[in-house]
Amino acid sequence: MTAHKAVGADGQDDARFYPDIDELGNDDPSCKALIERAKRLIDRRLPVLILGESGTGKECLARALHAYSQRRNAALVTLNCAAIPENLIESELYGYARGAFSGALSAGMKGRLMQAHKGTLFLDEIGDMPASQQMRFLRVLSEKEVAPLGASAPVRVDFQLICATHQDLFARVEGGTFREDLYYRIAVGIVSLPPLRERGDRALLINKILGEELGAAAATVALADNVVDLLMTHRWPGNVRQLSAALRYACAVRTGDRIEVGDLPLDLLTMRSSGRHEQPRVVEATQIVTRNRHQERERIMAALVERRWNISAAARDLGVCRASVYRKLKELRIPHVRDGIAGQADEPAPMHLAAVA
Ligand SMILES: Nc1ncnc2c1ncn2[C@@H]1O[C@H](COP(=O)(O)OP(=O)(O)OP(=O)(O)O)[C@@H](O)[C@H]1O
């Protein structure tokens with residue numbers, strides 16, 4: 001992760017960390033290809049338009065692109081067009097000169113377009129830019145000049161434009177709420193982020209988020225099999241944001257080294273019972289199960305070695321019953337060394353072990 005200075009939606013310096021662009025694609029070939037394409041679009045004086053459902057990582061990508069670009073040492077200035085009241089968007093974007101109107105700041109105000117000079121302007125939810133502002137913004141893009149309200153002369157601006165929307169922008173053009181000429185001006189370098197349910201790197205994403213949340217402890221925390229099943233089959237309407245929130249919640253409330261289904265947010269379980277999940281992705285689920293198995297194997301082996309294969313003592317350390325330890329030995333294919341350490345081990349496994357396993 002790389003840190004850069006930026007100016008956030010409230011105009012204040014934003015010291016948030018910026019994702020490393022190469023980490024966004026994980027090891028998934030299609031995500032990596034998409035990120036590589038986005039990298040090729042930056043620094044070409046082309047506007048970039050990031051499309052994708054809410055929570056797919058559009059802002060993350062915009063931040064990563066800025067941090068990757070040649071403009072990384074200048075500001076990234078963001079404005080969420082849906083979050084600013086229509087009557088304020090004009091002064092936010094263009095600013096105003098000293099004494100431009102009664103109630104204005106005495107020193108005037110530098111608008112976001114001028115703040116972004118030499119840097120990057122990120123306009124989130126561009127589909128919500130009021131119709132009254134679209135023509136003026138188009139003119140700025142054509143003329144590369146801004147005229148703050150009350151200013152005697154326009155000011156030249158140079159920024160990398162990145163816009164994002166979760167809406168079908170062309171449908172808004174067809175519906176008459178978004179100008180067609182502005183659409184063609186901003187929709188040049190289009191990058192479409194897939195919804196989480198269509199991504200082939202869900203397991204990698206889960207591991208990455210767990211790693212970020214738990215740090216070194218991630219190596220000792222496993223996911224119960226039914227948690228893996230749920231994470232891999234849920235449809236995630238809130239995309240990566242929802243997945244990340246669910247995992248962070250589970251990491252916070254877990255009481256042991258295993259995240260159980262009861263550690264997941266209640267709304268996720270409710271959605272599941274109402275059928276908002278999909279068919280398991282067997283290959284990916286296997287990756288997580290393998291990771292869990294590996295960690296579980298290590299945990300059990302450590303307890304057994306520590307207790308010199310005294311199953312009762314190891315079971316106590318692990319917080320499970322002896323039968324569970326025997327079941328795990330079988331399940332994880334850990335060969336019993338009972339014969340090798342004579343006198344240290346417990347009595348032979350009970351006859352009903354096969355049935356338990
Ligand atoms: N590749 C990724 N790896 C890890 N976390 C990610 C990734 N992409 C997105 N996230 C996380 O998902 C959350 C949502 O990301 P972001 O705000 O970029 O989505 P968005 O598409 O801009 O959402 P919205 O349309 O609602 O504004 C953030 O918390 C972000 O950290």
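Here the structure is a predicted model, which means the values were calculated and not measured. Here the residue numbers are simple positions, counted from 1 along each chain's written sequence. The predicted origin of the model limits local features to residues at a pLDDT of at least 70 and limits the giving and counting of side-chain atom pairs to 80 or more, whereas totals for whole chains, interfaces and linings rest on all residues. The basis for every side-chain value is the complete set of heavy atoms in the structure, and neither hydrogens nor water enter the calculation.

Topic: the confidence of the model for the protein chain
Summarising the model, the protein chain shows a mean pLDDT of 81, and 79% of its residues fall at 70 or more. pLDDT expresses, on a scale from 0 to 100, how confident the predictor is about each individual residue. Comment: elements are numbered from the N terminus, with helices defined as DSSP H or I runs of at least four residues and strands as E runs of at least two. Confidence, read as mean pLDDT per element, is least for helix 16 (residues 353-356) in the protein chain (24) and greatest for strand 12 (residues 160-165) (98). Contacts were defined at the residue level, with two residues in contact if any of their heavy atoms lie within 4.5 Å. Contacts from residues 279-284, a stretch scored under 50 in pLDDT, to residues over four places away or in other chains number 15 contacts.

Considerations on the site of the ligand
Taken together, 15 residues lie around the ligand, and Ser54, Lys58, Glu59, Cys60 and Arg241 are the ones closest in. We call two N or O atoms a polar contact when they sit within 3.5 Å, provided that within protein one can donate a hydrogen and the other can accept it, with sequence-adjacent residues counted only if both atoms are side-chain atoms. The side chain of Ser54 places a nitrogen or oxygen atom 2.6 Å from an oxygen atom of the ligand. Note that an oxygen atom of the ligand is positioned 2.9 Å from one of the backbone N or O atoms of Glu59. In these tables, accessible area is a Shrake-Rupley quantity obtained with a 1.4 Å probe, and a residue counts as shielded only by the protein chains included in the view. A total of 630 Å² of accessible area belongs to the ligand in isolation, and the protein chains cover 80% of it. Elements represented by at least two residues in the shell around the ligand include exactly helix 3 (58-68), helix 9 (202-214) and helix 11 (239-253). Looking at the shell around the ligand, the element that brings in the most residues is helix 3, giving 3 residues. Side-chain classes are defined by residue name, with Ala, Val, Leu, Ile, Met, Phe, Trp, Tyr, Cys and Pro counting as nonpolar, Asp, Glu, Lys and Arg as charged, and the others, Gly among them, as polar. For the shell around the ligand, the class distribution of residues is 4 nonpolar, 4 polar and 7 charged. Throughout the structure description, domain borders are defined by an automatic or database domain assignment. A domain-level breakdown of the shell around the ligand finds at least three residues from each of domain 1 (2-194) and domain 2 (200-286). Only heavy atoms are used to decide nearness, and a residue is near a molecule or strand if one of them lies within 4 Å of it.

Here's the deal with the nonpolar core
Residues belong to a common nonpolar core when they are buried Ala, Val, Leu, Ile, Met, Phe, Trp, Tyr or Cys residues joined through side-chain atoms within 4.5 Å. Note on exposure labels: buried denotes an accessible area under 20% of the residue type's maximum, exposed denotes more than 50%, and partly exposed covers the range between, all computed with a 1.4 Å probe on protein chains only. One finds Leu113, Leu121, Leu123, Ile126, Phe137, Leu161 and Ile186 to be the most contacted residues of the largest nonpolar core, which totals 32 residues. When contributions to this core are tallied by element, the ones reaching two or more residues are strand 6 (76-80), helix 4 (86-94), helix 5 (112-115), strand 9 (120-124), helix 6 (131-143), strand 12, helix 7 (169-174) and helix 8 (180-186). No other element matches the 4 residues that helix 6 contributes to this core. Residues within four places of Ile126 in sequence aside, it is in contact with Leu49, Cys81, Cys163, Ala164, Thr165, Leu169, Phe178 and Ile186.

A short note on the pairing of strand 13 (residues 189-192)
Burial along strand 13 is one-sided: the face carrying Gly189 and Val191 is buried and the face carrying Ile190 and Ser192 is not. Two strands are said to pair when DSSP picks up at least two bridges between them. Pairing of strand 5 (residues 48-51) with strand 13, which is carried by 4 bridges, proceeds in the parallel orientation. Residue pairing across strands places Val48 opposite Gly189, the latter belonging to strand 13.

Observations regarding unusual backbone geometry
Unusually for a residue other than glycine, Asp43 sits at a positive phi of about 65 degrees. Positionally, Asp43 belongs in the loop between helix 2 (29-41) and strand 5. The phi angle at Arg45 is positive, at roughly 60 degrees, despite the residue not being glycine. Following the sequence through the fold, Arg45 ends up in the loop between helix 2 and strand 5.

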